[in-house]
Structures are given as C-alpha cells and as structure tokens.
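Descriptive analysis of the structure
Residues per chain, in single letters:
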Amino acid sequence: MHFGLTDEQLMMQDTVRAVLESECPPLAILEQLKTSSEMAGPWSKLSEMGVPGLLAPEKLGGGGFELLDAALVAEVSGEGALPGPLLGHQLAMLAIIGGGSDEQKERWVPSLASGERVGTIAWAELGDRWDPNSWTVRIENDRLHGQKVHVPAPAPSGLVVVGTAPGGLAVIDGPSTGVEFSDFDGIDRTRPLVEMQFDGAVAEVLPRGPDAANRLRDAGCALLAADAFGCASRIMRETIDYLSEREQFGTRLVQFQGVKHELANMAVELEPTRALWWYAAHALDHVPDEGPRVAAMAKATIGDRAMRIARACVDLHGAIGYAWETPIHLWYKRIMFDRAFLGGSGYHRDRAAELAAW
Amino acid sequence: MHFGLTDEQLMMQDTVRAVLESECPPLAILEQLKTSSEMAGPWSKLSEMGVPGLLAPEKLGGGGFELLDAALVAEVSGEGALPGPLLGHQLAMLAIIGGGSDEQKERWVPSLASGERVGTIAWAELGDRWDPNSWTVRIENDRLHGQKVHVPAPAPSGLVVVGTAPGGLAVIDGPSTGVEFSDFDGIDRTRPLVEMQFDGAVAEVLPRGPDAANRLRDAGCALLAADAFGCASRIMRETIDYLSEREQFGTRLVQFQGVKHELANMAVELEPTRALWWYAAHALDHVPDEGPRVAAMAKATIGDRAMRIARACVDLHGAIGYAWETPIHLWYKRIMFDRAFLGGSGYHRDRAAELAAW
Amino acid sequence: MDLELGPHHAQLREDVRAFLDEHWPADDEKAFRRHAIDRGLIYRHVPREYGGSEQPTDPIADDIIEQEFTVRRAPLGIVGEGPDMIVPTLLSQGTEEQRREFIAPTLLGDILWCQGYSEPSAGSDLASLKSRAELDGDEWVIHGHKVWNTGARNAHWMFGLFRTEPEIPRHGGLTFLLIPMDQSGIEVQPIKAMTGHQEFNEVFLEGARTPVRYTVGGRGNGWAVSRSLLVHERNLMGFRSQQLFNNIVDRARDTTIDAGPALEDGALRRTLVDLEADLLAARYSRYRALSNAERGNDPNAVLAGVVKKLHATGLVKRLVQVGIDLAGADEALRDPGDATVDLGRANEPGGWALNYMYTHAVAIGGGAPNIQRNIIGERGLGLPRDLRTPAVETARTSNPNRGDGPS
Amino acid sequence: MDLELGPHHAQLREDVRAFLDEHWPADDEKAFRRHAIDRGLIYRHVPREYGGSEQPTDPIADDIIEQEFTVRRAPLGIVGEGPDMIVPTLLSQGTEEQRREFIAPTLLGDILWCQGYSEPSAGSDLASLKSRAELDGDEWVIHGHKVWNTGARNAHWMFGLFRTEPEIPRHGGLTFLLIPMDQSGIEVQPIKAMTGHQEFNEVFLEGARTPVRYTVGGRGNGWAVSRSLLVHERNLMGFRSQQLFNNIVDRARDTTIDAGPALEDGALRRTLVDLEADLLAARYSRYRALSNAERGNDPNAVLAGVVKKLHATGLVKRLVQVGIDLAGADEALRDPGDATVDLGRANEPGGWALNYMYTHAVAIGGGAPNIQRNIIGERGLGLPRDLRTPAVETARTSNPNRGDGPS
C-alpha cells in the first residue's frame, strides 16, 4: 500500500513550479494585464517539458502519465495562476483519446501532445447547461448548428472539440466557415473564454464520444479541484507573508492570536482535502466505481472551501487586499472560474448523491 | 414609533430574575437534581407576582398583558433555567382564552391565572407530529382516544389541553379515568415530560379550538425563541465568568485574543436576534399578517444559534464544561428542549417559507 | 412597543406617490431634491435652518419613503462622505460658521467631500498616522499621504485627521481639518480595485493649505471628533441587504433547479428564510437603536451597537454568495465590466460578480473585522484587553468607526 | 500511488469471515482475542514478541478487518489508555523489563490502565502541573491530585507525569511514572459528566508509592516521553465518524420529510455528500500519513498532521448535529439514559443525545481546540509565537497531544 506521491512526481511539480515562477510570476501577470487582456503564458516552455502531452499515450508522442500527474500539474498551475490554454487543451486531448477512432487519434494526438497545436473544448450552453444530456448543438451531415458558451479561448489554428446533442462529441479541425467567435468578458483573465456560434461549421464526429464525454467531465472535475486547491494554498501563503510584514500597533499582524486562529481554521478546512483530490484523480484511473463520484465531491467541496478561504484572506489583508495591485485577486478569480466551470457545486453534489450507494 | 421595552417591562424582568436567583439559583437546581428528578420550582412565588396569569384578561383575574411581556418572562426563565410548568401552563391558558366559550373561560381561567391550578398542553404525537393537521387523537362523544407524547408534566389535579384530529382542542379537567400517564426520561430535567394514553377519557371540546391551535403554536414559537435566547446569553456570561477566573500559562484565559474573538462572533450571531423575537412576539399581537411567520423564523434561527453557542461554550471551558457539576448543561439541555419542542428548525423554516410573500 | 403602521403611514405613502407623480422623472436632480426636502422626504434628520427637512424619528416612514423612491428609481438624499459623515460631524462639533458654509450645499451636491483618514502605515492602527499640519499664521500647512480615499477625484473638500502636536503621542496629537482640494499642494492618484474599477485614490499633500477657521472641534481634539461620527452613522447596509435579497428572490423565480423554479427548491427556500431572519433582525435592531437613542433605557444597547457592523457584513456576504451561486456560471465566469453597485440591479450582467467582490470593501471599510471583534469583546462583553498588547491600543480600539480600510 | 484492492485483500476478507464463523460468538473474549492475534487480525502494529501480531502497514486491510468485525459485533483490540497509549509508549521508551511485564497482559485486558496527566490547575497548561514524586530509597513517594481520569475506578495501573525536580521549572522537572492503583495512598472519586454518566474520576495521591524501576524514559524526561505518544496515536475517530454516518443514512431511510423518505430530500442529500467528502478526506489523509511514515517524502506532512484532530472533531460535530436533527424531537427531548457510546448504535434510544454530548469529550480530550489552533499556526503554517505570550508557552505548545481535557 502506498498513498502518496513519488519522488518523481514531487520533482515534476517543483520543475513546473520553477518554470511558472520564472516565466510568469504573479506580478508579471498583473503587469501584462495592464496592457492586454490576452495572456499568452509559457506554452512553449511547458511544451518542451511535455506538459501538453502528459496524458497522451507514449506511442502517440505523449507522456503516458496518469490523471493524478495531470492533477499535480493543475495544483501547481493554480498556485502560479498559470495563464494559457492548458485546461481546454487537456480536455480536448482526453476527448480524442477517449472518443476518437484510431485514425483520428493518430491524426490529431501527436501534434496536440507536442504542444504544436492547441486544442480546446466547447462544452457549456447558455443557462448553465453543463450536463451532456442537456446539450442542444446539432450535428447533421458533419455540420454543426447551435451555440456554445464559456469556451476556453481557442488558438486561431486550434482544434475545437464540441459537445453535441445527445451527449456526443465532434471536432472542428482548425479554421472553418460557419463558425463565429464572440468575446466574453471573463472573470479570470488568465484563462479567457469565448462564445461560439455554429452555422454549418464542418466537424468530424468522434465515434466513441458519448463515453468520452463523461470521462472528460470527471477528469475536468479532478483537475479543477486540484487547481482550486493550489490557488487556496497560495492565497494563504501570500496572506501569511503579507501579515508577517505588516505592522500595526507596533506588532506584526500575524502575531495576533485572532489572525493565527483564523489561518489555522483555514488549514483545517483545506489541508485534508489534498488527499481527497489525490484520491479522486487516482480513482478515475484505477477505481472506476468510485472515481466519478469522488471527483464530483472533490470539485464541490474544494471549490467551496477555496472560495471561502480566498474571501477571508482578502479581508485579512485589510484594504490592500481589495486593491488590484495586490495579486491575490488572480487566485480569487481563478477559484471563481474553477467553481463555476463544468457546473456549480450544487450540481456536482446532486450528481454525487445520485451516484451514491446509499 | 417606539421599538424597545418600557421601564415597567425592564423592571418586571428584573423582578422575576431576582426571584429565580434567590429561589432556584443554578447550583441549587443541580443540587436538587441529585436526589430527585422532580423540579418543583418557585411556582407559588411566581403566582404571587401574577406570572401564571400574565396573558389572561384582567376581568378573568389575569394581568391582561401581551405576548411580548410573556416572552420577556420567557427570556428570564431561560436565563435562570426556571424549573416548573410555566410553558405548558401558558399554552393551556392561551388555548382556553383563544378557543374556549365564554362559560369555559369563566370556569377555568381564574384559577389558572392565579396559579392555584396548573395547566398543560398535550400537543405532539409520536413521529414528530407537531402539526395540528397531523394529529390523530380522536374525540367522540366527549371521550378521547389515542396517544400524546412530550407532554409537559401535568400536576395531578391539573388541567390538560389536548390536541385532537383534525386540529382541534379539548380539555381534560383534572383527574379522569381513561387516562394513563407514563414517564418519559426527558433531557431537560427542569421541564419534565410525560406520555399520555387516552382510552375514553372525558374531555370537553373547545369550540374555537382550531383557530386557537395555530395561535398557540405561534405563541409557543415566540416563547421558546425567547427562552433559548435567555439560555444562550446566560451561557455566554457563565463562560466569560469562568474564563475570567481560570488561569493557564500565567494568564487569564479570557485575555487570549482567540477566546475573545470567538466570544465576539457569538455575540454577533446572538444579540441582533433579540430584536427578532421582540418583533415576533409583538407582531403576534399587532401585525397578524407577519406574526406567525416571524415567530417560526425566530424559533428556528435563535434555536439553532443558541445551540451552536452552547456547544462552543462547553468547549471553551475545557473539560470542566463537560462535567455535570458545572451548571451550563442546564441551559444546554434547555436549548435542546426549546429547539425540539413544537417541532424542529427545519419544520419551522419550511413553514416560514410557505407563509412567505415571495 | 408601538410599531403600528398607522393611518399617518398610509397617508405618507400616498403623499410620496403623489409627490413622485408630480416631480419625477426630472431633468434637474438638484431641483427635485429641493422639492423633496420641502416636503420632508429626504434629509429628515437635518434641521431646516441648515437645509434639511427636520422630521421626527420614524424609521417606518424612512422605509416607506425609501421603498417608493426606489421603485421609481428616484434619487434619495446623496449618499457619500458629505451627507453621511461630515454633515453630522459639523452639526455636533462644527462652528456655526462652518455649518452655514457647508451643510446646505453638501446636501444638494454642490460641495462634494472626501475623507482623509487612512495612511499607508496607519490602517487599523489609525492613531499612528503621520500626515502633519503646521501653523503658518492663520493657515495650516499640510504634508502627508492619505490612502483608500474614495471620492478624491471629484471632491471639492477633504476632511480628515492630521498630526498637529508632534510632541503628543498617538491619538492625542491629532486635529480634524477641512481642506480645499483644488490647490497645487494636493495630488490625487487613482487606485484600481480588484473589481477593475477605479474605486479609490491616494492623496499626496505637499504644502497644502487651509485656513485655521476650518479646524473642527478644536486643535488636538481630532480623535474625539472622528469618534462622534459613529453615533450618526446611517444604516445603508440594511437597505442594501434587503435589495440584494429581493434580487435573489427575483432570480430564483426565473432560474430552474431540477426542472422547477429555484424558488420551489426546498433547500433554497430554507436558505431564504435564514437570510430573511437576519434581515429582520437587522431591521428591528435598527429600530431598537433609534428608540434607545430617544429613551436610553436599553441595558444591552452598547452590545447591540458594537455587533451591528459584523452582523451586517456577515449577512451581506451570505447574500452575495447565494446570489452568485444561483445566478450560475454565466455570472460567476463573467467580469463585472461596467456594472455599477446599484442596489436594485444585481441581476444585470456583471452585477453579482461586482457585488460579490464589493462586499470586501464593505467588510473592510470602517474597521477591519478583527478590530471589530476586539471592540465587541472589550466594550460589548466587558472582556479585558488582549494579552499584553501595547497600552496604546486601548485608545485605538475605543473607536469602532475607523479601521484598516477604505474610507 | 498504489491502492488497488488486490486479490490479497479479497482473500483477507474471506479469511476474516471464515475466522469469525469459526470463533464468534464466543463466551470468552480473551480467548477470542488470542485467536485473533494468532491470525494477525488485531494489534497488528505490535511485535509478536510482546504479544501483538506484527503485520505490515496496510490500512486497507485494517479497514476490512474493522468492517467485518463490526458487522458481526465481534470485539476488536481493546480500546483505551492501555493498548492505545501506554503500549506504544513502552514500545518506544520503556525498558525491556517493562515491556515484558506490561504489554501482553495489557493487550489481553488483564492489566487495565488509567492516565494521570491533567490536574485542577493544569489543563491546557500541562507543564504547570504540581503533583510531585520524591525518592525514598528505591521507591517514589507521590503526593498530588489528578483529574479527568476516565479509567481510574477499574484500572490496575496509572501512568502519568509527576514533578520530581522541584528546582527545575515547568516541563523540565517532570518524570513519567507507572503507579499501581491498588494501594492505600490512592483514593478515587468519580466525576459525573453532563451526559449523566460517571465518565471521569479524580485521583488523590497521598503517599502513594511505586518502585523506581517503573520510571519510563528516565528521570526528568517525562515531557519528552509524553510527547512520543502522539506519534503512535490510533485513528479511532475516523472509524467512529464513518459509523455515525452510516447511522444517519439508516435513519434517513426510515424518516419521512415531506411525505417521502428523508434520504430523497435534496437538502439532506447534499449534506450527506458534504459529510462524506470529509470522511473520505480523513480516510485518505490517514493513508497518506501512514505512507509518509514509511517514505518520509511528503513536504506537507507536518501540516497534515497537526490539522488532523480539529478536522476530525469538526466532522464528528457536524455528524451528530445532522443525526440528532434527523432523529427529531423524540431523540432531542430524550435523556441519554443508559445508552452507551456504541459506534454502531446511535439510532437506539438515547444514542444520538449521548453522542451529541459525548463529542465535547472528544473535542476537548487531548488538547483544547485553541491550543490546537496555536499548534497549527506555529508548527503547521510557520507563524511566530503569539503576541508576547510567556516564553514558557513554546514548550507547552510543542506538545499537541495533551491539553485542557479529559484523559
């Protein structure tokens, strides 16, 4: 029995952490956001490290890693508020691996795995329709009709996996007529979103899409839970650092027992859930009976706690916590994204209850 | 506009408070409980002061006071963990005043108002049936059949108001054949409960019982909310007193900021609800559209908060808080009673939602 | 207890409606406000002689007026540092000359104010502030640096605390001054909030000047003057919370949970009841405070007063959480953009996200929550001072109205 | 990560069932336990040479064994101060002679233990304890007063901390001693708990004696010895919580909300999911801790360790609140009476009320919550000591295992 990370996994986290800290430290992200709402992020560096292809099979140029490894990267991505398309890309990759024919996989996976091409996923529809059964986008004769919202911004030459009624998946392979993008002013500037209108766009159906869609959703829950965990632990650390410096009444704020106990209570809420998202990610690969349910629980529980912690930490800062110049709102808004994307906490709790044995 | 107590009301509270402190201080209650599970309480003193008849009309020997006044007494009763039959007595009185014929009122109210006779109410049925619509006790030809539970222990010669299907009220006037009492080992030793089995007991129907039953329930909610409020504020005071004495690490525990902030958070939860139960009691007499709903809200909200505060205060004491010799469990258990009697918090929240204008 | 919605209240509602029918909409808000003052509908606590409408205390009447004005989107009294803070301060502490010069124009919006309390190193610990004023003839000459100032860009005047007696430590050496903003010694730089809006400013004072006659409450008495603010504090938060609640109910009618309207969902209904219980608690606590202000016989008035702020901010935080969750991903994923913190419009795009973040400004403004907890413990519950905190803190914590926050 | 329920686990479950079929029910619990030890089913962490069954770390196997035994109501290892506290202490700190004398009989219940830590004036601040032991030849002579002792009435031996070096202040002057209870110098007086049960005792030591060879870990090293307890702490709380959860689910099947089973009520279902999320978090955190104990590479192991207790007690409190509310008035109004804190029987009359109150003993036992918070802050999050608390506190807070509570 072993329930912990390997030294290799810890090293991988440290490596990614170091890349983010050097390529896009929070203050640099803030600086970039002053002049642009586009956050490129260190995609080529991550590609060199094999991050885009982590989950792809080795024979298709990927790393052949497990979902737990991807979740560990997601944790670090949350810690560093990583800008860029990684989330949508990973889900698109999982869609093709899980839903595509062998030919489709061979055609698409290698370039996605190398990071040469960027993929994304067009999942939600207006009115909080995250459930694949609720999708209304139609595909007829390989042409798409309908609308998707909250799509992680695709690259111009990117590949877009589109959820179609009733619960299937199709792929738009690069620029196409019949697709119209419109901007969505998203809360998380590091992961911009767009809306997509399909009016006869050419797409290829993924033959095993309906199976893959559920797997995607479950994997997404685990990744978002890990990301939110990373965000919350970073916010706590930033808050401790600030309060350790800030003096009032001739004393560093962190020395007040009221502050200490509030931080301790946050740690009691958060730290035990590390084992929860570890297990969710592990179970999705190894305990199929439990994985989907635990992933839903992890997303709901960790998303809500991370949000509470983020909000309490803003207040612990005092007014400076509310200022845009203080980077904690990067993580705060990222947690808002993590909680809402793929559906809210109540939705996933209801799902977990449906999947329960009781 | 005036929303506050009169000097007379404050004085009445102080008077009752002083009687409880001299007649049945908490340590004396504990002492008495060592040898007996019967708590007589200062009934005759309260009768001298007119407390049993507070709500009865003056022309029937009562005080002609309003429900707010009764709630103010309930607050002080909670503070002092008053042992005795006041709650059931007041509800029985309200039942007769609200549901009885003129003749019945003249027959029963004066002796109840003077405290000479003690009344009680047989309301609940097994399985949390607090709603008058759910009662199953039958009355046929002035004879009762069925079972009631959680009946505030009646005096042997007492008067028992019994809830009957469908939502009516009837009175058993003193000892009767066809009534069997059985003990119930109640959590709140200051307000013992019994179970009653009716097998043809003689009873008189209260002609306007169905109207009165709702009024009773609403008034009971306000009184229980006020009682729970009194309990919680007393528990906080006891806790502060203990922590002000207790030294650890060479310091009085109350000086630790962690303790102070926890107590402050309790006060933030509790003190604003004083105006809520004030208004609930006031509205039941003066704002009929709002009274029942606000009373339900007050019972649910204050009951839950009082319980949380009681539990947190036990822990703040350390081990001594868990010891029977420390009187806080008197209030703790009284709050358990206040929360459960007449139905739990969820039930009253659902009722308040049904009554809402939204 | 006397809370009857009497015939005069029914009459008032009719009167307000008739007034609005006659005067609103209007192009000229100032003229509209003049009419409203004449009719006793706004600035009801300010004497006529200084431009108010001088009405008896009647929170039920206040509520009726607020309700009717809000439904019609007609402007009530101006909200801000001027009418809410400096007017009551001048009424209680100002010279007759100051009152005549400032109050009426402030009520009509002709003079806008900003607040100069917090400094970079003096937030919660306001008594440690450093900006100083020195006498030069009959003028104060001011050097310093204020932050978290909301109105500086538009304000004509600033009020605030300045160190005038450098030899007296902490709060003893402060004076409350009124300073004209339009002068070369003052520079204003905006501070952007996490909402993306420019909600605050820094104010740099370098040789700014103000005549000695604009000293309020006397030299060295600044701390006491700033304390008096709290007594007059308006309770806007309660009104705001009620509006947010109404927005949630509206949203719940239009949102679907499990194929039914969210408003029929059992869990949400219980949550709404919980929220409403605290709205009522806050409302009747406000009535209670007003009554006690007249009669002074409430034995728990101090405790009720000191818990008010944390109760209100806790409630507003629960409200925005319920609101944003109910509004769903389309709102939670959306930047607030140009949404405004409009009480009645949380359901417009960006409204919930903006309110969600704005609650931090509400929570922090006027005193960090932990400072409030100390005050509640010490003044409300009679607990002793913290374990060996510096003696200076006592003075600080005796002023619950200020803190480590936007002002 | 390797958590597969492998074939050996399926086999183990079969083996356990077969074992129980063969040996349970049994009249002689001790004989039953002997068989269970022989088969490697209980006392799995104790070496064979001292009477344990010496099995490799495998929490999944532990869970399987606990599940199967519990379903059949067969006794697992003895729960209490003996097997849970003194056995691991002697294993790590005891002399060979002490181990041979005490461990095996303790595991079989032939020697019962009680704990002598807390004193009336030394709860959270354990280093201030006053009970003293003085050498008289080759015996310690003990005078003092211990409280919150759960097992004193039945115990054969007491272990605890005593002041042996009066000249050394605080925790430096303490020695860990084993003392026979059956002697004239010891008097035990029961303390009744709020539950109405006699859950604790006071122990008065007046000239009680114990041979010097029953000193554990050396004279003056008592503090370090008592600290080592925490490393071996069993996690019974997680198991208890799972049982309470199962009781809630059972109850929810049988209880009606809105004319349907409570288990179909949306709000309750979400609550159950929330509770279960924390049950899983606690379970896998335990696995995580065990794995780290073997590999030692978890960078957040200290933090995870120090939050464990408050997480567990917070969870158990949420569980009993949901349980007692679901059980309704018939349970909330009922005195616990003779109900026992039986993990699987909360739904029996008085069970919820008893568990509801008993959670306070759980919360307070082994360290007041605020002491835990200090430890989490200082050791888990690296925060500095509290504002000007006495230096002595550092030593105290470095021992998260003890506190102002029952022991």
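What counts as what
Residues numbered from 1 in each chain as written. Chains lettered and ligands numbered in written order. Predicted model: local features only at pLDDT ≥ 70, side-chain atom pairs only at ≥ 80, totals over all residues. Heavy atoms only, no water. Helix = DSSP H or I, 4+ residues; strand = E, 2+ residues; numbered from the N terminus. Rg over C-alpha atoms; globule rule 2.2 N^0.38 Å. Buried < 20%, exposed > 50% of the residue type's maximum accessible area, 1.4 Å probe, protein only. Contact = heavy atoms within 4.5 Å. Areas by Shrake-Rupley, 256 points an atom, 1.4 Å probe, with all protein chains shown as cover. Lys, Arg positive; Asp, Glu negative; His and termini not counted. Charge placed at Lys NZ, Arg CZ, Asp CG, Glu CD. Buried area = accessible area lost by both parts, 1.4 Å probe. Salt bridge = Lys/Arg side-chain N within 4 Å of Asp/Glu carboxyl O. Polar contact = N/O pair within 3.5 Å; in protein donor to acceptor, adjacent residues only side chain to side chain. Nonpolar A, V, L, I, M, F, W, Y, C, P; charged D, E, K, R; others polar. Pairing = 2+ DSSP bridges. Axes fitted to C-alpha atoms, helices over the stretch in contact; angles between N-to-C directions. pLDDT = per-residue confidence, 0-100. Expected span 1.5 Å × (residues − 1). Phe/Tyr/Trp six-rings, centres within 6.5 Å; stacked < 30°, edge-to-face > 60°. Lys NZ or Arg CZ within 6 Å of the ring centre and 35° of its normal. Core = buried A, V, L, I, M, F, W, Y, C linked by side-chain atoms within 4.5 Å.

So, on to the overall build of chain C. When helices and strands are counted, chain C shows 13 helices and 10 strands. Its C-alpha radius of gyration of 22 Å places chain C within 12% of the 22 Å reference for a compact globule of 407 residues. The C-alpha extent of chain C, read off along each of the three principal axes, is 70 × 50 × 45 Å. When burial is assessed residue by residue, chain C has 60% of its 407 residues classed as buried. Taking the intrachain contacts of chain C between residues at least 6 apart in sequence as the baseline, contacts between residues at least 24 apart amount to 68%. Just so you have it, chain C exposes about 15,400 Å², and 50% of that area is on carbon and sulfur atoms. Averaging the positions of the 45 positive and the 58 negative side-chain charges in chain C gives two centres separated by 4 Å.

Here we come to the interface of chain C and chain A. Facing 50 residues of chain C, the contacting portion of chain A comprises 41 residues. Both faces combined, the contact of chain C with chain A buries some 3,500 Å², and carbon together with sulfur accounts for 58% of it. In this assembly, chain C and chain A are joined by 3 salt bridges. Residue R339 of chain A pairs with D325 of chain C through a salt bridge whose shortest N-O separation is 3.1 Å. Between the two partners, chain C and chain A, sit 18 residue pairs in polar contact (both at pLDDT 80 or more). Secondary-structure elements contributing two or more residues to the side of chain C that touches chain A are α9 (301-327), α10 (329-332), α11 (351-364), α12 (369-380) and α13 (392-397) of chain C. When residues in the side of chain C that touches chain A are grouped by element, the largest group, 9 residues, is from α11 of chain C. For the side of chain C that touches chain A, the residue count by class is 24 nonpolar, 13 polar and 13 charged.

A few words now on the environment of Y279 of chain A. Looking at where Y279 of chain A falls in the secondary structure, it is placed in helix α9 (residues 272-286). What makes Y279 of chain A buried here is its relative accessible area of 4%. Setting aside residues no more than four positions away along its own chain, Y279 of chain A makes contact with F3, V287, E290 and V294 of chain A together with L3 and Y284 of chain D. A polar contact of 2.6 Å, which involves the side chain of Y279 of chain A, links it to the side chain of E290 of chain A.

Attention now goes to the sheet that holds strand β5 (residues 168-173) of chain B. Residues and elements named next belong to chain B. Taken in spatial order, the 4 strands line up as β1-β4-β5-β8 in an open sheet, and their pairing is mixed. Two strands lie at the open edges of the sheet, namely β1 (119-122) and β8 (204-205), each paired on one side alone. Two strands pair when backbone bridges link them, and strand β4 (residues 159-164) and β5 are joined in this way by 6 bridges, in the antiparallel orientation. When the bridges of β5 are listed, T164 appears paired with G168. Against the sheet, helix α5 (residues 86-99) contacts β1, β4 and β5, and its axis sits at roughly 80 degrees relative to β1.

What follows concerns the side chain of R334 of chain B. Residues and elements named next belong to chain B. Examined against the element boundaries, R334 turns out to sit in helix α11 (residues 328-340). Judged by its relative accessible area of 2%, R334 is buried. A polar atom in the side chain of R334 sits 3.3 Å from the side chain of T190. Other than its neighbours up to four places away in sequence, R334 contacts S77, G78, A81, L82, D188, T190, R191, D227 and C231.

Next up on the list: the confidence of the model for chain C. All names here are of chain C. Chain-level pLDDT for chain C is 88 on average; 91% of the residues reach the 70-or-more range. Per-residue pLDDT, averaged within each element of chain C, yields its smallest value for α13 (37) and its largest for helix α5 (residues 96-107) (97). Across residues 231-235, where pLDDT falls below 50, the model places 9 contacts with residues more than four positions away in sequence or in other chains. Scored below 50 in pLDDT, residues 390-407 shows 84 contacts in the model against residues more than four places distant or in partner chains. Quick note on the complex model: pTM equals 0.93, ipTM equals 0.94.

A separate point is helix α6 (residues 102-113) of chain A. Residues and elements named next belong to chain A. Counted at 1.5 Å a residue, the expected span for α6 with its 12 residues is 16 Å, and the 16 Å between its end C-alpha atoms agrees. Of the positions making up α6, those classed as buried are Q104, K105, W108, V109, S111, L112 and A113. Here the buried face of α6 lies against α5 (86-99), β1 (119-122), β4 (159-164), β5 (168-173) and β8 (204-205). One or two steps after α6, the chain reaches G115, where phi turns positive at roughly 90 degrees.

Think of interface size as the accessible area that goes away when the parts come together; that is how it is often given. Every contact between the two is made by 51 residues of chain D and, on the other side, 47 residues of chain A. Contact between chain D and chain A buries roughly 4,500 Å² in total, counting both sides, with carbon and sulfur atoms accounting for 62%. With a shortest N-O distance of 2.9 Å, R288 of chain D and E271 of chain A are connected by a salt bridge. Run the count over chain D and chain A and you get 21 residue pairs in polar contact (both at pLDDT 80 or more). The set of elements that each furnish at least two residues to the side of chain D that touches chain A consists of α3 (59-71), α7 (236-254), α8 (266-295), α9 (301-327) and α12 (369-380) of chain D. Per-element tally for the side of chain D that touches chain A: the top contributor is α8 of chain D, with 17 residues.

Residues and elements named next belong to chain A. Spatially, β1-β4-β5-β8 is the arrangement adopted by the 4 strands of the open sheet, whose pairing is mixed. On the outer flanks of this sheet lie β1 and β8, each paired with one strand and no other. Across the sheet, helix α7 (residues 209-245) lies against β1 and β5, angled at about 90 degrees from β5, the strand it touches most.

Looking now at the packing of aromatic side chains. Counted by the stated rule, this structure contains 50 aromatic pairs over all chains. Measuring from ring centre to ring centre gives 6.1 Å for Y117 of chain D and F159 of chain D, while their planes differ by 75 degrees; the resulting arrangement is edge-to-face. Placement of the pair is Y117 of chain D in the loop between β1 (113-116) and β2 (132-136) and F159 of chain D in strand β4 (residues 157-163), with a sequence separation of 42 residues. The exposure class assigned to Y117 of chain D is buried, which follows from its relative accessible area of 0%. Members of the aromatic cluster, connected to one another through ring pairs, are F102, W113, Y117, W157, F159, F176 and Y214 of chain C. Over the face of the ring belonging to Y356 of chain D we find R311 of chain B, whose NZ or CZ atom lies 3.9 Å from the ring centre. Its guanidinium or amino end placed over the ring of F162 of chain D, K146 of chain D lies 4.7 Å from that ring's centre, counting from NZ or CZ.

Of all hydrophobic cores here, the largest spans 447 residues; its most connected members are W277 of chain B, F69 and L178 of chain C together with F69 and L178 of chain D. Excluding its chain neighbours within four sequence positions, the residues that come into contact with L178 of chain D are I86, L90, F102, W113, W157, M158, F159, T210, Y214 and V216 of chain D.

A word on the environment of Q197 of chain B. Residue and element names in this part refer to chain B. Relative to the helices and strands, Q197 is located in strand β7 (residues 193-202). On the accessibility criterion, Q197 (36% relative accessible area) is partly exposed. In this structure the C-alpha to C-alpha distance between Q197 and E31, which are 166 residues apart in sequence, comes to 32 Å. Excluding anything up to four places from it in sequence, Q197 contacts G146, Q147, G178, V179 and E180.

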